[in-house]
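Observations on the model geometry
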Amino acid sequence: MKLTRNVLNLMFELSNIEGESNSGYLCGEGSVLRNNLLELFKITTNPESHGIIIDIMSEAGYPWFGDLIEMGDCYIRDAAALSESNESGFMPMNEDDFLELIPANGHFH
(Lines give C-alpha, C1' and ligand atoms only; values in the text may rest on other atoms or scores of the structure.)
Protein backbone atom coordinates (compact mmCIF):
# COMPACT_ATOMS: atom_id res chain seq x y z
CA MET A 1 0.00 0.00 0.00
CA LYS A 2 1.49 3.33 -1.08
CA LEU A 3 1.36 5.98 1.65
CA THR A 4 1.27 9.31 -0.14
CA ARG A 5 0.62 12.69 1.45
CA ASN A 6 -2.98 12.45 0.22
CA VAL A 7 -3.42 8.99 1.80
CA LEU A 8 -2.09 10.30 5.10
CA ASN A 9 -4.47 13.27 4.99
CA LEU A 10 -7.38 10.93 4.27
CA MET A 11 -6.29 8.69 7.16
CA PHE A 12 -6.34 11.66 9.54
CA GLU A 13 -9.78 12.63 8.27
CA LEU A 14 -10.99 9.05 8.76
CA SER A 15 -9.50 8.98 12.25
CA ASN A 16 -11.42 12.13 13.18
CA ILE A 17 -14.68 10.61 11.95
CA GLU A 18 -14.24 7.16 13.49
CA GLY A 19 -12.79 8.35 16.79
CA GLU A 20 -11.00 6.24 19.37
CA SER A 21 -13.34 3.29 19.10
CA ASN A 22 -12.03 2.32 15.66
CA SER A 23 -8.63 4.03 15.62
CA GLY A 24 -6.86 0.65 15.92
CA TYR A 25 -7.91 -0.11 12.36
CA LEU A 26 -5.75 2.76 11.11
CA CYS A 27 -2.52 1.21 12.37
CA GLY A 28 -0.10 -0.93 10.45
CA GLU A 29 1.85 -0.87 7.23
CA GLY A 30 1.39 -2.42 3.81
CA SER A 31 -0.89 -5.43 3.74
CA VAL A 32 -1.73 -5.08 7.45
CA LEU A 33 -3.10 -1.58 6.93
CA ARG A 34 -4.95 -2.68 3.80
CA ASN A 35 -6.59 -5.54 5.71
CA ASN A 36 -7.44 -3.24 8.62
CA LEU A 37 -9.15 -0.81 6.23
CA LEU A 38 -11.14 -3.68 4.70
CA GLU A 39 -12.27 -4.70 8.18
CA LEU A 40 -13.13 -1.10 9.11
CA PHE A 41 -15.13 -0.75 5.90
CA LYS A 42 -17.07 -3.85 6.91
CA ILE A 43 -17.87 -2.78 10.48
CA THR A 44 -18.46 0.97 10.19
CA THR A 45 -21.94 2.26 9.48
CA ASN A 46 -20.80 5.76 8.56
CA PRO A 47 -21.22 6.39 4.81
CA GLU A 48 -18.65 9.20 4.95
CA SER A 49 -16.09 6.71 6.31
CA HIS A 50 -16.97 4.29 3.51
CA GLY A 51 -16.25 7.00 0.94
CA ILE A 52 -12.94 7.93 2.54
CA ILE A 53 -11.83 4.29 2.68
CA ILE A 54 -12.63 3.93 -1.02
CA ASP A 55 -10.61 7.11 -1.68
CA ILE A 56 -7.69 5.78 0.41
CA MET A 57 -7.68 2.46 -1.41
CA SER A 58 -7.79 4.21 -4.80
CA GLU A 59 -5.01 6.61 -3.90
CA ALA A 60 -2.90 3.81 -2.40
CA GLY A 61 -2.87 1.78 -5.59
CA TYR A 62 -6.12 -0.21 -5.47
CA PRO A 63 -8.43 1.82 -7.75
CA TRP A 64 -10.63 -1.21 -8.44
CA PHE A 65 -11.71 -1.34 -4.77
CA GLY A 66 -14.58 1.06 -5.47
CA ASP A 67 -15.71 -1.19 -8.34
CA LEU A 68 -15.83 -4.14 -5.95
CA ILE A 69 -18.11 -2.18 -3.66
CA GLU A 70 -20.44 -1.35 -6.54
CA MET A 71 -20.56 -5.04 -7.51
CA GLY A 72 -21.69 -6.05 -4.03
CA ASP A 73 -20.44 -6.52 -0.53
CA CYS A 74 -19.73 -10.24 -1.00
CA TYR A 75 -16.15 -9.32 -1.90
CA ILE A 76 -15.75 -7.40 1.36
CA ARG A 77 -17.12 -10.35 3.34
CA ASP A 78 -14.66 -12.65 1.55
CA ALA A 79 -11.79 -10.28 2.29
CA ALA A 80 -12.77 -10.11 5.94
CA ALA A 81 -12.97 -13.90 6.14
CA LEU A 82 -9.47 -14.21 4.69
CA SER A 83 -8.08 -11.78 7.25
CA GLU A 84 -9.80 -13.09 10.38
CA SER A 85 -8.46 -11.71 13.62
CA ASN A 86 -5.98 -13.67 15.64
CA GLU A 87 -5.17 -13.26 19.34
CA SER A 88 -2.90 -10.27 18.77
CA GLY A 89 -5.38 -8.32 16.66
CA PHE A 90 -5.17 -8.77 12.93
CA MET A 91 -3.72 -11.42 10.67
CA PRO A 92 -2.82 -9.96 7.28
CA MET A 93 -3.92 -11.86 4.20
CA ASN A 94 -1.16 -12.63 1.78
CA GLU A 95 -0.90 -10.96 -1.61
CA ASP A 96 -2.17 -14.03 -3.51
CA ASP A 97 -5.33 -14.23 -1.41
CA PHE A 98 -5.92 -10.51 -1.85
CA LEU A 99 -5.49 -10.70 -5.61
CA GLU A 100 -8.12 -13.47 -5.69
CA LEU A 101 -10.64 -10.77 -4.73
CA ILE A 102 -10.17 -9.01 -8.08
CA PRO A 103 -12.98 -9.85 -10.49
CA ALA A 104 -11.94 -11.48 -13.75
CA ASN A 105 -12.36 -8.22 -15.66
CA GLY A 106 -10.88 -6.05 -12.88
CA HIS A 107 -8.17 -3.54 -13.57
CA PHE A 108 -5.16 -3.03 -11.36
CA HIS A 109 -1.64 -1.73 -11.54
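Use the structure listed above.
First, a word on what this report is: a plain description of the structure on this page. Just so it is clear, the model here is predicted, and its values are computed rather than measured.

Let us now look at helix 2 (residues 30-43). The terminal C-alpha atoms of helix 2 lie 20 Å apart, and with 14 residues this matches the ideal 20 Å at 1.5 Å per residue to within 8%. Residues of helix 2 that are buried: Leu33, Arg34, Asn35, Asn36, Leu37, Leu38, Glu39, Leu40 and Phe41.

With that out of the way, let us pick up the nonpolar core. Counting residues in each nonpolar core, the largest one holds 20 residues, and the members touching the most others are Met11, Leu14, Leu37, Ile53, Ile56, Met57 and Phe65. Contributions of two or more residues to this core are made by helix 1 (5-18), helix 2, helix 3 (47-59) and helix 4 (65-71). Examining the composition of this core, we find that 5 residues originate from one element, helix 2, more than from any other. Beyond its immediate stretch of four places on either side in the chain, Leu37 contacts Met1, Met11, Leu14, Tyr25, Leu26, Ile53, Ile56 and Met57.

What counts as what
In every chain, residue numbers begin from 1 and rise along the written sequence. Only residues with pLDDT of 70 or above have their local features reported here, since the model is predicted, and side-chain atom pairs are shown and tallied only from 80 upward, although totals for entire chains, interfaces and linings are computed over all residues. Note that the side-chain values use all heavy atoms of the structure and ignore hydrogens as well as water. Counting from the N terminus, the helices are the DSSP runs of H or I reaching at least four residues and the strands are the DSSP runs of E reaching at least two. Multiplying 1.5 Å by the helix residue count minus one yields the expected span of that helix. Three labels apply to residues, based on accessible area from a 1.4 Å probe with only protein chains included: buried if under 20% of the type maximum, exposed if over 50%, partly exposed otherwise in between. Only buried Ala, Val, Leu, Ile, Met, Phe, Trp, Tyr and Cys residues count toward a nonpolar core, and they belong to the same one when joined by side-chain atoms within 4.5 Å. Only heavy atoms enter the contact rule, under which two residues are in contact if any of them lie within 4.5 Å.

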